Amino acid sequence: MGAIVEKLVQEKEDEQEHKTILYAVISAIIVLSLILLFFIRKAYLKNQRKKTESFMKKL
């Protein structure tokens, strides 16, 4: 009986560990995506400013 309970406890701990690792991986992906979006937005705005400046010079 004790061995069965211990095995079940061990399985629960392993399952919890896998969930923790999964949450960490998902969080890392979200953070990296936000950083990437920030840099893409920054580059886009810089490009738009250059286009606007060149357009104003033509006027």
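For the structure, check the block above.
Notes on the structure in this doc start here. Please read these numbers as outputs of a predicted model, since none were measured by experiment.

Time to look at the overall build of the chain. If you tally the helices and strands in the chain, you get one helix and zero strands. The C-alpha radius of gyration of the chain comes to 26 Å, more than 25% above the 10 Å expected for a compact globule of 59 residues. Along the three orthogonal principal directions, the C-alpha set of the chain runs to about 85 × 10 × 5 Å. Taken across its 59 residues, the chain has 0% of its residues classed as buried. Carbon and sulfur atoms form 68% of the exposed surface of the chain, whose accessible area is close to 5900 Å². Of the side-chain charges in the chain, 11 are positive and 7 negative, and the distance between the mean point of each set is 31 Å.

Moving on: a negative patch on the surface. Taken together, the side chains of Glu 11, Glu 13, Asp 14 and Glu 17 present a region of like negative charge at the surface. The topology assignment puts Glu 17 in helix α1 (residues 2-58).

Our focus in this paragraph is the packing of aromatic side chains. All chains considered together, the criterion is met by one aromatic pair. Their ring planes at 70° and their centres at 5.5 Å tell us that Phe 38 and Phe 39 sit as a pair that is edge-to-face. Its relative accessible area of 48% is what places Phe 39 among the partly exposed residues.

Evaluation of the coordinates by the stated rule reveals one salt bridge. Where Lys 19 meets Glu 15, a salt bridge forms, and the shortest distance between an N and an O atom there is 4.0 Å. You can see Lys 19 and its partner Glu 15 sitting in helix α1, four residues apart, about one turn around the helix. Under the relative-accessibility criterion, Lys 19 is labelled partly exposed at 37%. Here Glu 15 falls in the partly exposed class, since its relative accessible area comes to 40%.

Calculation rules
The written sequence of each chain sets the order in which its residues are numbered from 1. Residues qualify for local features only when their pLDDT is at least 70, as the model is predicted, and side-chain atom pairs are given and counted only at 80 or more; totals for whole chains, interfaces and linings, by contrast, use all residues. The basis for the side-chain values is all heavy atoms of the structure; hydrogens and waters are excluded. The helix and strand labels rest on DSSP assignments: H or I over at least four residues marks a helix, E over at least two residues marks a strand, and numbering proceeds from the N terminus. We compute the radius of gyration over the C-alpha atoms and compare it with the globule rule, which gives 2.2 Å times the number of residues raised to the power 0.38. Working definition: with a 1.4 Å probe on protein chains only, accessible area under 20% of the residue-type maximum means buried, over 50% means exposed, and in between means partly exposed. For the area figures, the Shrake-Rupley method with a 1.4 Å probe applies, and any residue is considered shielded solely by the protein chains shown. When charges are counted, Lys and Arg contribute as positive and Asp and Glu as negative, whereas His and the chain ends are disregarded. By convention, the point assigned to a charge is CZ for Arg, NZ for Lys, CD for Glu and CG for Asp. Any residue with relative accessible area above 30% and no salt bridge may belong to a patch, with like charges joined within 9 Å and the nonpolar Val, Leu, Ile, Met, Phe, Trp and Tyr side chains within 5 Å. Just to be clear on terms, a salt bridge is a Lys or Arg side-chain nitrogen sitting within 4 Å of an Asp or Glu carboxyl oxygen. When two rings of Phe, Tyr or Trp (its six-membered ring) have centres within 6.5 Å they constitute a pair, described as stacked for plane angles under 30 degrees, edge-to-face for angles over 60, and tilted for the intermediate range.

The analysis is restricted to geometry; functional conclusions fall outside its scope.
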